[in-house]
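Structural characterization, general
Letter by letter, the chains look like this.
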Amino acid sequence: MKIAAIEAIPYSIPYRHPLHFASGSVHEADHVLVRVHTDDGVVGTADTPPRPYTYGETQKSIVAVMQDVFAPQLVGLDVFDREKIQAVMARTIHNQTAKGAVDIAVWDVIGKTLGQPVTKLLGGYTDSLRVSHMLGFKPAKELLALALEFRETYGINTFKLKTGRRPLNLDIEAAKVLREGLGEDAELYMDANRGWTANEAAEVLRRTADLGLQFLEEPDDAREVLGRRRLVTNSPIPIAADESAANLGEAAREILTGGANLLSIKTARSGFTEAAKIVGMAEGMGIDVYIGNQIDTQVGTVASVVFGAAFAHTAKRAAELSNYLDMTDDLLAQPLAITGGRIHVPEGPGAGTDVDEDKLAHYRTD
Ligand code: MUC
Ligand code: MG
């Protein structure tokens, strides 16, 4: 069964509230829907979030690399030959989320063709994941009000606080207010998106030592190797790599050189094939992982659920799956639901990424 065509459809869905963080902000979901068509009429779907401040991709660059580079190289390949597809795409450097989307769409085709849910083909470990919600920059009291609302409405009790601001007090105060207001049972961690220096991050760790934070993600620029290594060595809590470990090689490098001792796994940038390799490597090295969020729509989020629930190692920790709630609408044909703080894997063949065609017609911008 061969790849017959690859479609890249740009679309835009406004946000209810923009999300602000140290490396940028989002006001609309200006993503690209990717569809892999086979010669016998099966269609696989995946979502692609352009994050120029993380991977250098834009909506236009994703459409262009798909149309001009990947489609001509991939059309004609057997859809079951995932490693060959990976090798062909690897000839082009970067373009991380474009490659991830092709891989997820290919898995969707494989699941549909075999009549099996992709989560079972990947590992089938469990049928639901605990949800962690990501809180963008806001005054401390607003953050607490939002977190309490999420706990009340969805049962979520794990929160990632976006940090990396100056003065440091802004984030330290926000963490204190969240801990006091949410109580001891809430799981809290920080993500600074490289906003601090290593010394600033060390100061934040000292001044939040009594707050029971789980870990600190991407505190500073990992390319400043010695500062990062000093931080990881001296930190009382794990230091997680997110954007500094965007692929298998970088994940291995960051762990082996002491740049991190925890890994964020994002299917949007790794697809399922490379993400599975990263998870296997981490498990073998005794490194914990968690499912991260690329500020995904429901189409992106369902892929994270399908993948995260497939492996014991990814299902251990709460997964970042709820930021589609920041958007005014979505494309997913069978909308996700968060109940009791959990999301369930979709039933039925494929990756669960099929979209509502009327909504796509409404939001597409091409
Ligand atoms: C994160 O974990 O960094 C921020 C930008 C992006 O693409 O993802 C987020 C979340
Ligand atoms: Mg992050």
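Being a predicted model, the structure only gives us computed values, none of them experimental. (Residues numbered from 1 in each chain as written. Chains lettered and ligands numbered in written order. Predicted model: local features only at pLDDT ≥ 70, side-chain atom pairs only at ≥ 80, totals over all residues. Heavy atoms only, no water.)

Turning our eyes to something else, we now look at the site of ligand 1. Close contacts around ligand 1 come from 14 residues, with Arg51, Lys160, Lys162, Asn193 and Gln294 the closest. Within the side chain of Lys160, one N or O atom sits 2.7 Å away from an oxygen atom of ligand 1. Residue Gln294 places a side-chain N or O atom 2.6 Å away from an oxygen atom belonging to ligand 1. Look at ligand 1: alone it shows 280 Å² of surface, and the protein chains cover 99% of it. Looking at the shell around ligand 1 residue by residue, the class counts come to three nonpolar, four polar and seven charged. (Near = heavy atom within 4 Å. Polar contact = N/O pair within 3.5 Å; in protein donor to acceptor, adjacent residues only side chain to side chain. Areas by Shrake-Rupley, 256 points an atom, 1.4 Å probe, with all protein chains shown as cover. Nonpolar A, V, L, I, M, F, W, Y, C, P; charged D, E, K, R; others polar.)

In this section: the pattern of salt bridges. Where charged atoms from two side chains of opposite charge approach closely, those side chains can pair. According to the stated counting rule, one finds 23 salt bridges in the structure shown. Between Asp366 and Arg364 there is a salt bridge, with its nearest N and O atoms 2.8 Å apart. Of the residues examined, Asp366 reaches a relative accessible area of 56% and is grouped as exposed. A single salt-bridge network, built from bridges that share partners, covers Lys160, Lys162, Asp191, Glu217 and Glu320. (Salt bridge = Lys/Arg side-chain N within 4 Å of Asp/Glu carboxyl O. Buried < 20%, exposed > 50% of the residue type's maximum accessible area, 1.4 Å probe, protein only.)

Turning next to the domain arrangement of the protein. What the domain assignment reports for the protein is domain 1 (3–115) and domain 2 (120–344). Computed from C-alpha coordinates alone, the two centres of domain 1 and domain 2 are separated by 23 Å. At the junction of the two partners, domain 1 supplies 35 residues and domain 2 supplies 40 residues. At the boundary of domain 1 with domain 2, the tally comes to one salt bridge. (Domains from an automatic or database assignment. Contact = heavy atoms within 4.5 Å.)

What follows is about the packing of helix α2 (residues 59–74) against helix α4 (residues 96–114). Axis separation between α2 and α4 bottoms out at 10 Å; the angle between their running directions is 50°. For the element pair α2 / α4, the angle class is oblique. Both α2 and α4 take part in a crossing whose hand is right-handed. For the pair α2 and α4, contact is made by Ile62, Val65, Met66, Phe70 and Leu74 and by Thr97, Ala98, Lys99 and Val102, respectively. When grouped by side-chain class, the residues that make up the contact of α2 with α4 number seven nonpolar, one polar and one charged. (Axes fitted to C-alpha atoms, helices over the stretch in contact; angles between N-to-C directions. Helix = DSSP H or I, 4+ residues; strand = E, 2+ residues; numbered from the N terminus. Parallel < 35°, antiparallel > 145°, perpendicular 65-115°, else oblique. Left-handed = near helix turned anticlockwise from the far one by under 90°.)

At this site the magnesium ion (ligand 2) is bound by Asp191 (OD), Glu217 (OE) and Asp242 (OD), with donor distances of 1.9 to 2.2 Å. Of note, the magnesium ion (ligand 2) draws all its donor residues from one chain, in the sequence arrangement D-x25-E-x24-D. Taken together, the residues span a long stretch of sequence, with Asp191 in strand β8 (residues 187–191) and Glu217 in strand β9 (residues 216–217) at a distance of 26 residues. Taking the relative accessible area as the measure of exposure, Asp191 reaches 0% and is therefore buried. (Donors = N, O, S within 2.8 Å, 3.2 Å for Na, K, Ca; no water.)

What follows is about the sheet that holds strand β5 (residues 43–48). Read across the open sheet, the three strands follow the order β1-β4-β5; overall the sheet is antiparallel. The two strands at the open ends of the sheet, each matched to only one other strand, are β1 (3–10) and β5. Strand-to-strand twist of the sheet, defined as the mean angle between neighbouring strand axes without regard to direction, takes the value 15°. The sheet contact formed by strand β4 (residues 32–38) and β5 spans six bridges and is antiparallel. Bridge pairing links His37 to Val43 in β5. (Pairing = 2+ DSSP bridges.)

So, about the environment of Gly227. Structurally, Gly227 can be placed in helix α9 (residues 225–234). If sequence neighbours within four positions are ignored, Gly227 has contacts with Ala198 and Asp220.

Of all five residues in strand β7 (residues 158–162), five are buried, a share of seventy percent or more. Because side chains alternate across β7, one face comprises the buried residues Thr158, Lys160 and Lys162, and the other comprises Phe159 and Leu161, equally buried. As defined by bridge partners, strand β6 (residues 128–135) adjoins β7 across three bridges and the pair is classed as parallel. Its bridge partner lying in β7, His133 is registered against Phe159. Once the chain exits β6 it traverses helix α6 (residues 140–154) before rejoining the sheet at β7, and the crossover so formed is right-handed. With helix α7 (residues 169–182) bridging β7 and its parallel neighbour β8, the resulting β-α-β unit is right-handed. (Right-handed = clockwise from strand over helix to strand, strands pointing away.)

Summed over all chains, the structure comprises eight aromatic pairs. Look at Tyr189 and Tyr290: their rings are 6.1 Å apart centre to centre, the planes differ by 65°, and that puts the pair in the edge-to-face class. With Tyr189 in strand β8 and Tyr290 in strand β12 (residues 289–291), this residue pair connects regions lying 101 residues apart in the sequence. For the ring pair Phe215 and Tyr290, a centre distance of 4.7 Å and an interplane angle of 40° mean the geometry is tilted. Remark: Tyr290 occurs in strand β12 and Phe215 occurs in the loop between α8 (198–207) and β9; sequence separation between them is 75 residues. By relative accessible area, which is 1% here, Tyr290 ends up buried. Taken together, the ring pairs connect Trp107, Phe272, Phe307 and Phe311 into an aromatic cluster. (Phe/Tyr/Trp six-rings, centres within 6.5 Å; stacked < 30°, edge-to-face > 60°.)

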